[in-house]
Every structure is written in C-alpha cells, then in structure tokens.
Amino acid sequence: MTKSIRQSTLQTLGLGSVTDIFRGGRLPVDAGDLVDRVFGGPGDRGSLVISGAHGIVGAGKMMQLTSRLEPFGVKSISLSRPRTADGIGPQYPALVEAFGKERADRVMGNIVRMTYDGNSLPADLKNARPRFLLEAIPEILEIKKAHYKIFREAFPGIEIRSVTSGFPSSELGVGVAHPAFPHEINKVWEVVEEETSPITQLLWALGLIPVPVSDDWSFVLDVLFCGVTLAGLRYHRATNMPFWKIDKYIRKFVGPNPFRAHDVIGAGGANFLTWSCLHHLAQQYGPLFRPTAELDERQVTGQDWYPLDHFRPLVNWSMDDEAEDEFSSWIQGPLFQMASLILHQQRGHLSHINAIGELCAQFRPGVLAMIRSVGGEAAIKTVEAYHRLHPEAAGSSWYPAEFEQLGSPEWQQLYVNAEHDGNVGVITISRETYNGDVDEELNRAIDWLKAEGVARLILTGDFHLATQMVGADTREFFPALDDVEAGRRVSATWSATARRLCDEFQVSVGFAGGKRCLGGFLELLMHCHYLVAVEETVLAMPEVTLPVVPGMEGCHWPFRKADRSQWPKLVKMLLTAAPVKARDAVDWLIDYSGPMQDALATVWRLASGTTAGVTMRKLNEGMLQDIPADVGVPVSDSPATEAARTAIMQSIRDSCGATLSEALDIQARHSAAFTVTSFCREGSIGTEYLKTMMV
C-alpha cells in the first residue's frame, strides 16, 4: 500500500501512483493499446474527425494530434464549411521546423480535407469510419447540439468531445476537451467526463497533459484568464489608463498580458469568446463576472486592444507606491475572489488549478501559490479592498472560508508530492522550472519521508504536469541583479536542499524521463547517489547562454563523481552549453541510460536495494587539482559569452580546488558575483527584468 502527502495528480486520470510506475517497471498505459481501443485495431482502424478544423483551435489541434496519431495509422479528417479560409496549410512551415520536411509531409499527407453544408455530412465520410469527433465550431449552443445530432445519427457510438471555452458538458450533451492556447504547442487539455475515458488516457500516453475539471461554467482556465482580462477592463474604466499600460502592470504583478494576448490570438474571435464566458458566468454567479461596456462593444466589432499607431514610447510613465497598491486591489482582488469560487465548487485538484494558471494563462506564480504567498488573511483583505472599489462584486461568489485551509497538505504541496510503500520513497516535482516555492516544498517532502522512517528515495518529475525539467525560474534572480547577497542566498539555499538528497538518505536515485533535463534541475538530480535517464532525454547546462554562473554546484559536483579522464567533457559542457543525449553521458555525467522500461526498472532496483548492475560513482570530498581549461572551445565573438566562460571556469577551479565542505559557499559567491555584472544585467535575465518589473 502506498502512502502519500496528498493525492497524486496521476490518480485523477486513473493511472495509479508514481511508485506503481517504478515498481512495475513500465508506464501505466500504452499508446498503441489505447489507439486500438479508441480507433479500432489495425485491420479496422477508424479516423479522427475535427470539425471547424480551419479555425485557430481546430487547425492547432489538427497539427498536434495528427503528428502523434499518424504513426499509428489513424487518418485525420478536416471538416469545415465551404469558403472557410484555410487554417491548415499555414501550419506547414512550423511542422517543417519542428520535425523536418519528410516528417512534415507525412503529417500533412495524413489529413483528408472535407467540406459540408452544416446540415448533412459528406457521403465519403463514412469510408473513413469516424470513431472520435473533436468539435471546434463556433460557440453557439444550438448549432453545436445540431452538429452532434447529425454525427450520432450517421455514426452511432462515435465518441464526441467539444473544445468549448465555456459551455458545461451538461449543457452540450457531450464530454469536454478544452485545449489551451497556443493550440499547436500547449499540451494542456481541461477534460470533463463522468469517469476517465480511454480518450483521456490516450492524450496522456501521447505526451499531452489532460487535466480533469468539474462540470461548471468556463471550467478553470477561462475563469482565470477571462477574469484577469475583466479586472484590467474595470481598472481601465476607473482610471482611463490605456490597455497597453494596464498590460504592463498586470505582467509585473501577476504574469500575463491579457489584452495583448487577445490581439495575438485574433481579437475578432478572442473578444467574443471572452465576452461569451463572462456573460454566462455573470448569469450564473453574479456581477463579479459581468462584462464591461468595452468588451460588449469589441465582441461585436472584433477591434484590437492595441491600436497599430499608438504612442507607447512617447507617453510612458510610472505609478507611485500608493497607486500600485490600489492597482493590485483592482487586479488581485477579483482574481482571489474567483479563486474562492473555484475552490468552493471543487473544480479541480489544487495542483491542477494552480498549474492551469501557470501553463495556460502565464500566471507567475499560479493563483493558488500567489494566495499562499500572501497568506489567507491578507488575501481576504485584498478582496475586501476590491469590494470597496467595486461594491457590486461583494454580493455573491465570495467564499473567504476557503482560505482557512492554507495549512493543509493540498495547499502546502502544490508542486512537490511525496509517497512511499514503507521502504522506498518517491518525490515528484510537477513544475518545469525550479523556484523558491519548489525548494520549500521539496524540503517539506524530504522532512515528511524522514519522519515516516524512509531511507531510500527516488526523485523524479511527476509523469503528468511536468513533461520536462528546464532549469531554474529566471525570475528568481531578479533581486540578485543588483544585490550580491540576494544571489548568494538563493544559490546557497538551493544547494543546501540539493545536498540533502546525498546526505540524508541511505540511497537516492534521480530519474530524468522527460524530453529535457537542464540547468538547475540537472544540478539537483546529480546530487542523488545515482542518476538514471531515458536514453533520448537531452541533458545540458545552458547557463553560459543567459549568461549566468551555475549556482547549484554544477561547477564542482559532477567533477567530484567523474573520473579525471572525463573532466574535459564536463568543462566543455559548462563552457559551451552543448546538449548531450543521455545515452552518451553515461559514466561521466549520469550512471545509467536506457529505454523507458529498462530505465524505470533500473531505478527501482537501485532504490529498493536489488542488484542492478550499476556501480555507484564515489563522491570525492577532497580538493581536485589540474582541472583542464583548454578543451577545444573556440573563442566566441560575444563579449558576454567570453565573460561568462571566464567566470564559470574560475568557479570550477575554486570550488573544485576546495574541500566539499567549503565548496558550497565558494560556488555560491561566484554565482552571485557574476549576476550583478553588466554582462548578466544586459543578458536575457536583465532584459526580462526590465521588460517585466521596470514599468
């Protein structure tokens, strides 16, 4: 029996625990088996139909699904009305860039285009044996229902899912698979169905991120995204601040640029969808969601929020602290109130709610993490301040009691979970970038396992919300750009957490099973006694490209575990950011690489104490001498790159040339010292800081 801090998000998909995956040595479901269940066996393979396939949602999902289903022999049928502008052809260049011309041609060649009059289906459609209809036609309920009727009459038993932004399944009469924008690349789908279906599990098996949500109006994503747009509109009405300026402040305090996002998506359609969601939410839940006059107008006209000839560079200005506080009340107040409604209605797993805001709406951090950081009492006061500004919102849809649960495991472990079977513990991280919240939660997870008496550990991604581990969240370094102590503190704190993986467990095994494992996350995992990766996983230390100096002991820890003959590879990796496939990194960076099932089985054998045939590379705690500097790296024409290489090389020499006990502080100081230089402040982190925070 597996015990956990909180429910694993995998369990919401009927996929068991992460411990089960390692113990069984295989993923819980197989894509090929699920394709057979959804579309029929190879001798009777049916097709995927996407109606409204030339629209922005339909075309994006056509690319995403066809590229994954084509290898299984599933045809994709594009169904659209005559004279609809081609939305599929323009996707081809991006396919070529992602997959190469040969693969892109196969994907496009697997799409069969058909048109229909809206009242009857093409006669040839029956030859394609449709098994699954993904409906992406306009958000008009009567038209959607009529559409389902003609499909069910023609193909009894066909599975139907709607991509609707707002209508609940109970109104539609079909299940919901609501995808997030940008539709070609965002992997998240909000799913509404009575119980987890093979379709949902197939999405997961194909590498997508289905997220179960309750059957309530506008689900989670559009409550949050449309909600922050509405909050900006209300501030505009109160102050007449232009939309572009409101965007800049929302980006600073919350994360997204909602008005710019509408223009990028296509204001004609996006304005209507946002209005539709808010209109129906207001009917259900009151004035908190009522659209403003500006949105009422633009849902008809489709007008952009950013005029093409606006004078942003000429009329920019900054608010004082008092004005910023009032702005926060206008924006965070309604968001926190909307979050209380989502929680009251139990619209989803708390980790899901938080992740949807981050992965789909660009919240940084997610709205629940935001509430947790300010505390329940302060969150309530923020909503009350908003009610003084907008009294109508106080009358309904406000559940402050929901914030009394902030001390619960569900609130405290939004990103990091832990489970164990009495012998082996598994810690999973569901955020693709490492930040202070993840660091705190990781420490709590370690504390919990130790209190449970667990001495054997597996550290991994969560097999669900995080499909890769891409390193540190660069926003964490904003304070360090002009405060060397802030930089030293982040580096030293995170490194101390990483060392617990080595120091406090009898055996620890890091597992990299996603597409990429980079930077800070790679540094974290290499602190485990063993590091195992799936053979195609890309490993890299890209800090020199930012530029920054690695701060989680990447400049000395891997050298202490590698043979002297392998040190040039490590130096070159750090100085060039060159990626390496896991299969080519064995014995100098990681300990084992293989196909997914072999890697999973190896992790379990190592963690459980069974003979695995993998020798532990001993950590050298002494001083390392003669680290090579000349490893054949050509001189860069970028002064920033050369400065970063010099700083990284000095960090390598000094931290390797000290004992293990001294090295943590040495490398932390090197990392912090470079972050305050002009090279870092003028690099990608400094540029992002100026764009985000200096409004």
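Just above sits the structure.
I will try to describe carefully the structure that is included in this document. Each chain has its residues counted from 1, running along the sequence as written. Given that the model is predicted, a residue must reach a pLDDT of at least 70 before its local features are reported, and side-chain atom pairs must reach 80 or more before they are shown or counted; all residues, however, enter totals for whole chains, interfaces and linings. Note: side-chain values were computed over all heavy atoms of the structure, leaving out hydrogens and water.

### Quick word on the packing of aromatic side chains
Part 1 of the argument: Pairs were defined over the aromatic rings of Phe, Tyr and Trp, the Trp ring being its six-membered one, requiring ring centres within 6.5 Å. Orientation was assigned from the angle between planes: stacked under 30 degrees, edge-to-face over 60, tilted for the rest. If you walk through the whole model with that rule in mind, you get 22 aromatic pairs.
Part 2 of the argument: Look at Phe22 and Phe463: their rings are 5.7 Å apart centre to centre, the planes differ by 75°, and that puts the pair in the edge-to-face class. In this pair, Phe22 is assigned in helix α1 (residues 18-24) and Phe463 in the loop between β13 (456-461) and β14 (471-472), connecting sequence segments 441 residues apart. In this pair, the class of Phe22 matches that of Phe463, namely buried.
Part 3 of the argument: Ring geometry for Tyr235 against Trp330: centres 6.4 Å apart, planes inclined by 75°, an arrangement best described as edge-to-face. Here Trp330 lies in helix α15 (residues 321-344) and Tyr235 lies in helix α9 (residues 221-239), a separation of 95 residues in the sequence.
Part 4 of the argument: For each residue, the accessible area found with a 1.4 Å probe, counting protein chains only, is set against the maximum for its type, and the residue is called buried under 20%, exposed over 50%, and partly exposed in between. On the accessibility criterion, Tyr235 (5% relative accessible area) is buried.
Part 5 of the argument: Classification of Trp330 by relative accessible area gives buried; the value is 7%.
Part 6 of the argument: One aromatic cluster in this structure is built from Tyr235, Tyr249, Phe253, Phe327, Trp330 and Tyr386. By the criteria applied, helices consist of DSSP H or I runs no shorter than four residues and strands consist of E runs no shorter than two, each listed in order from the N terminus.

### Description of the pattern of salt bridges
Part 1 of the argument: Salt bridges are identified by distance alone: a Lys or Arg side-chain nitrogen within 4 Å of an Asp or Glu carboxyl oxygen. Evaluated as defined, the whole model comprises 38 salt bridges.
Part 2 of the argument: A salt bridge links Lys149 to Glu153, with the shortest nitrogen-to-oxygen separation between them at 2.6 Å. Of this pair, Lys149 and Glu153 are both found in helix α6 (residues 141-154), four residues apart, which corresponds to roughly one turn of the helix. Glu153 matches Lys149 in its accessibility class, with the two residues each being exposed.
Part 3 of the argument: A salt bridge links Glu294 to Arg237, with the nearest nitrogen and oxygen atoms 2.9 Å apart. With a gap of 57 residues between them, Glu294 in helix α13 (residues 293-301) and Arg237 in helix α9 connect regions that are remote in the sequence.
Part 4 of the argument: It is possible to trace a salt-bridge network through shared partners that takes in Glu485, Arg488, Arg489, Asp665 and Arg669.

### Quick look at the pairing of strand β2 (residues 47-51)
Part 1 of the argument: For β2, a buried count of five out of five residues is recorded, marking the element as mostly surrounded by other parts of the structure.
Part 2 of the argument: Here β2 shows two buried faces, one formed by Ser47, Val49 and Ser51 and the other by Leu48 and Ile50.
Part 3 of the argument: A strand pair is defined by DSSP finding two or more bridges across the two strands. As paired elements, β2 and strand β5 (residues 130-135) share five bridges and run parallel to each other. Bridge pairing in β5 links Val49 to Leu133.
Part 4 of the argument: One ladder, built from four bridges, connects β2 with strand β3 (residues 76-80); its direction is parallel. If you follow Ser51 over to β3, its bridge partner there is Leu79.
Part 5 of the argument: The handedness rule is simple: strands pointing away from the viewer, and a clockwise path from the first strand over the helix to the second, make the crossover right-handed. Handedness of the β2-helix α3 (residues 56-69)-β3 crossover: right-handed.

### What to know about the packing of helix α10 (residues 243-253) against helix α11 (residues 258-265)
Part 1 of the argument: Lines fitted to the C-alpha atoms define the axes, with helices restricted to the stretch that makes contact. Angles between their N-to-C directions range from 0 to 180 degrees. One can describe the packing of α10 onto α11 by two numbers: an axis separation of 7 Å at closest approach and a directional angle of 115°. With respect to each other, α10 and α11 are oriented roughly perpendicular. Residues Phe243, Ile246, Asp247 and Ile250 of α10 lie in contact with α11, whose contacting residues are Pro258, Phe259 and Arg260.
Part 2 of the argument: Note on residue categories: nonpolar means Ala, Val, Leu, Ile, Met, Phe, Trp, Tyr, Cys or Pro, charged means Asp, Glu, Lys or Arg, and polar means any other residue, Gly included. Within the contact of α10 with α11, the residues separate by chemical class into five nonpolar, no polar and two charged. Every angle not falling under 35 degrees, over 145, or within 65 to 115 is termed oblique; those three ranges are roughly parallel, roughly antiparallel and roughly perpendicular. A contact between two residues is defined here by any heavy atoms of the two lying within 4.5 Å.

### Re the environment of Arg103
Part 1 of the argument: In this structure, Arg103 sits in helix α5 (residues 101-109).
Part 2 of the argument: Spatially, the C-alpha atom of Arg103 lies 26 Å from that of Thr200, the residues being 97 residues apart in sequence.
Part 3 of the argument: With residues near it in sequence (within four places) discarded, Arg103 still touches Ser67, Glu70 and Pro71.

### What about the packing of α10 against helix α29 (residues 684-693)?
Part 1 of the argument: Two elements in contact, α10 and α29, have axes separated by 8 Å at closest approach and are oriented at 120°. Taken together, the axis directions place α10 and α29 in an arrangement best described as oblique. Residues Lys248, Arg251 and Lys252 of α10 form the contact with α29, whose participating residues are Glu688, Lys691, Thr692 and Met693.
Part 2 of the argument: Residue composition of the contact of α10 with α29, by class: one nonpolar, one polar and five charged.

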